[in-house]
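Given next are the chains, with one letter for each unit.
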Amino acid sequence: MERLQVCILFLVILHSIAVEFACNVATSCSANDLEALVDFKNGLNVPENRLSSWQGRDCCKWRGIGCSNTSGSIIKIDLRNPFPVDSANVMRYGFWNLSGEIRPSLIKIQSLRYLDLSLNTFGGIPIPRYVGSLKNLEYLNLSKAGFFGTLPPTLGNLSHLQYLDVSSEFSALTVESCQWVTGLVSLKYLGMNQVELSTVGSSWLEMLNQLPHLTELHLSSCGLSGSISYLTPVNFTSLAFIDLSFNSFNSMFPSWLVNISSLEYIDLSNSGFRGRIQLGISEIPRLRYLNLALNNNLSANCLDLFRGSWKQIEVLNLGSNKLHGKLPRSIGNMTYLTHFNLFLNNIEGGIPGTIGGLCNLINFDLSGNNLTGSLPEILEGMEKCDSKRPLPSLTYLKLSSNGLVGKLPGWLGQLKSLQQLGLASNFFEGPIPASLGKLQNLTNLGLSGNQLNGTLSESFGKLSELSVLDLSSNFLTGTLSEVHFNNLRKVKILDLSSNSLTLNVNRNWIPPFQIRNLDMGSCHLGPSFPTWLKSQKELKFLDISNASISDSIPGWFWDISSDLSLLNCSFNQLGGTLPNPLPIFPFADIDLSSNLFKGTIPLPRVSVELLDLSNNMFQSLIPQNISEVMPDLIFLSLSGNGISGEIPATIGKMTLVQVIDLSNNKLTGSIPSSIGECSYLKALDLGNNSLSGSVPSSLGQLIQLQSLHLNDNKFSGGVSISLKNLSSLETLDLGNNRLSGKFPLWISNGFHNLRILRLRSNSFSGELPLGMSHLSSLQVLDLAENNLTGVIPTSIGDLNAMVQEKKVNEYLLYGKYRGIYYEESLGVNLKNQFQRYTKTLSLLISIDLSRNNFNGAFPVELTKLHGLTVLNLSGNQISGQIPGNISSLHQLASLDLSESAFEGNPHLCGTPLQVLCQNGNSDNRTALENDSNDEFPDKWFYVSIGLGFITGILVPYYILLVRKAWRRAYFSFLDTVIDRFVPVRSNRITS
């Protein structure tokens, strides 16, 4: 691009050089110019020494001032900030940014041709209208200088202007109309990046089309919209550079671009373009850079698109679109190609062998596609470039997130210039080639999310330039010793998690590196706590979860923990007590769950954002100052301990918290009303405690709440009507309490997102509302063991979410924060045994109305609910004939209509019961499921689990014959599989 800029601005730079020369020969500037400059300076807030040369009467010698060599008139003012404000520049050079006001005395310098005030901080003042009076200006740069407001249309008076850059930051400048642009008849360069143009209408392109000398056009992130697909006639005969990226056009591809033969650079990325890419774009003779990535809806057949000339192309980025077909051999003709990026398209087949002739290839990126075939086939011919050293200039190779299969080829180790190799999220298998250890320039290696197995070669210890190594989520086995890390002095990010590797190093080993991010979750590091961590002084992110450590955390560890932004030691057998307060970095994430820690609950020394101490052996009270110590907490889980006492009344001061899980403890007392002040709360789980009193009405203030569990406590009284405000609720579990009163009729209105309603084992009375069908998302309705009466409403057959068979799993995750979240879980009564659903909960469609006092005829409307997997109506007073078409409910895994369960339904008759109806309709078949028989008829149960593992590929439907023993084993297997591929806590790497 430097070549391009030089060509575009040659004339401007040429006259600038002359100005500098003139400055050296001119003896003094005019009194008028001197007076104007002094007044202009007096309006500025100038950092010390920035304008120290602005003294005396010879202003032509002042820094940033240029004068004519004949008249001495000022023709140039260059006060561009050479050191823009950032931490590095400030530390080295101090503050050089100008601020203050632009005084109108500037317009007295009518000879001015060049004005540059860019990269300063003028503090939100508008660009003065009188700048448009400097009629001799040829160069005006006010970009990123802190100006704010509407761009003055008087700029259109500058008919000699060749260069205009008013690019903004954060859309601080706006334009209401582009009509003034037509006055800039000499303009060659127009920079308006991040200038708000959303209100200019559709005429802006026609206005710019009237500038025949325009060479560069920068309109990135301007809020432009509408169609720009056609332009006639095209007057951009000199246009070489066009950047319309990061806008919102929602337009077909602009076909007129292919008619501009002067184009060298095109960036239309992330701008809402759609339709077919014009094939003629490959014939633009000077085109070197083309970026159409992230439009998502641009399409082309690869065979057609890449058969074009592409004579000068160096960078070709078409990622995240809808390209399809196979890559043609003609790609090998792109001899200048340095960057080839086709990620996230629909490309099939392999990469042609002719690509091996791209000796100048610097970047090759096809990540995120659905490419198939083995890597040796795809990269066939790459060695043709140089029989001894294939692709000598290749420094970046990324084929991640595809469908690539086969073994990694050993010849990858011959790519001597390779600095980054990314093959993550494919289906590669077999061992990692030892030849990769020969890549002495390699800085980044990513092979995560494949099916690689075997051991890791000791040759990896020779990669002395490596800074990032990610081998996570594979099937690697074997032992790692000190040799594997011998020369890895520069490694900063090391991720070996989700493998079966064992680290076997000397207890006194001191690694050669100073790591920043270390993730060795699911590797075998124990049984002792790894002492080599003591040497790591730069550690910021540490994950040694599920690492087979059976030990206590040594005291020295808490000397380095104060720098940790992530501490995850979960799922080990770490015991003992923890220091209180916990030394940790501000706003850190702490996960010490599923261990054997005991004693009092420790609080961090500083405010953190995540604290998970669940499933340990803590037996203390919840600290009263928990909200004071952690006011910024977002995720809190203390479940599964022996915590007693009451919930602190100050809990409402944690106003940012999204998840509170205190379930499975020994808490007593009532729910403090202050909890209603936690307005961002998404999940609240207080289940399985000994809480009592009434359900506080303040819960109705939690309008973002999605999951509420108050089950298995001692709450009494009715349900507050304030809960009807919880329109975002997806789970409401009040089961196994002492609640009473009429069934809350308001539940049937306003809860369009409610998936799970569980009120079982209370003392609710009355009838169900007629409007039950309004619960359009309901999948689990459990009202068993109450005192409900009346007829089951016919509207229950119109529950939309139960009508269709559920085939695609959705993970019910709430309050997701940095890859950690509250995962929904529910106990369901299947034949008097509770089975807990978690990963597969969204596949469950269940109605349990058992052990109430419902009467009337069997609700035939239930037979419309083809998605039902569980139906229990036992222990009621239902009468009449069971509909014959109940057998059409193919999904039923549990249908409780057994005689032993019908003691309360003595008047019910017909199949599958042996009780004959008056018309004699009974075939004496055995019940679908009963207490003494575990047999099922051959009903098919369809389940499709979207595993979402890296590539997001949907697993084909599993067809499962429904037998209880098989079903339980199957769902247990699914939970195991999903835990392997979709961990509750995702890996987090911060660079």
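Rules and cut-offs
Residues numbered from 1 in each chain as written. Predicted model: local features only at pLDDT ≥ 70, side-chain atom pairs only at ≥ 80, totals over all residues. Heavy atoms only, no water. Helix = DSSP H or I, 4+ residues; strand = E, 2+ residues; numbered from the N terminus. Phe/Tyr/Trp six-rings, centres within 6.5 Å; stacked < 30°, edge-to-face > 60°. Buried < 20%, exposed > 50% of the residue type's maximum accessible area, 1.4 Å probe, protein only. Lys NZ or Arg CZ within 6 Å of the ring centre and 35° of its normal. Disulfide = S-S within 2.5 Å. Salt bridge = Lys/Arg side-chain N within 4 Å of Asp/Glu carboxyl O.

## Looking at unusual backbone geometry
- Between Thr232 and Pro233 the backbone carries a cis peptide bond, its omega angle lying at -10°.
- Here Pro233 is to be found in the loop between strand E11 (216-218) and strand E12 (241-243).
- Along the chain, Gly526 connects to Pro527 via a cis peptide bond; the corresponding omega equals 10°.
- Tracing the chain through its elements places Pro527 in the loop between strand E34 (517-519) and strand E35 (541-543).
- The residue Leu294 is not glycine, and still its phi comes out positive at about 65°.

## Re the environment of Phe170
- Inspection of the secondary structure assignment puts Phe170 in the loop between strand E8 (163-165) and strand E9 (173-174).
- Distance in space between the C-alpha atoms of Phe170 and Glu196 is 8.9 Å, their sequence separation being 26 residues.

## Observations concerning the packing of aromatic side chains
- Going through the model one piece at a time under the given rule, you end up with 21 aromatic pairs.
- Ring geometry for Phe236 and Trp256: centres 6.2 Å apart, planes at 35°, overall tilted. Here the residue Phe236 occupies a position in the loop between E11 and E12, and Trp256 occupies one in the loop between strand E13 (251-252) and strand E14 (265-267), the gap between them amounting to 20 residues. The residues Phe236 and Trp256 share a single accessibility class, namely buried.
- Taken together through their ring pairs, the aromatic side chains of Tyr114, Tyr139, Tyr163 and Tyr189 make up a single cluster.
- The residue whose ring lies beneath Lys76 is Tyr114, and the NZ or CZ to ring-centre distance is 4.8 Å.

## Things to note about the state of the cysteines
- Applying the stated criterion across every chain, the model contains 2 disulfides.
- Between Cys60 and Cys67 runs a disulfide, and the two sulfur atoms are separated by 2.1 Å. The sign of the -105° torsion about the S-S bond sets the Cys60-Cys67 disulfide as left-handed. Pair check on accessibility: Cys60 and Cys67 agree, each one buried.

## Considering the pattern of salt bridges
- Counted under the stated rule, the structure contains 18 salt bridges.
- Between Arg103 and Glu101 there is a salt bridge, with the nearest N and O atoms lying 3.2 Å from each other.
- Since its relative accessible area comes to 39%, Glu101 is described here as partly exposed.
- Close ionic contact of Arg307 with Asp304 constitutes a salt bridge, the shortest N to O distance being 4.0 Å.
- Classification of Arg307 by relative accessible area gives exposed; the value is 54%.
- Of the residues examined, Asp304 reaches a relative accessible area of 37% and is grouped as partly exposed.
- Through salt bridges with shared partners, one network takes in Asp733, Arg758, Arg760, Asp782, Glu785 and Asp848.

The quantities given are spatial measurements derived from coordinates; they are silent on function.
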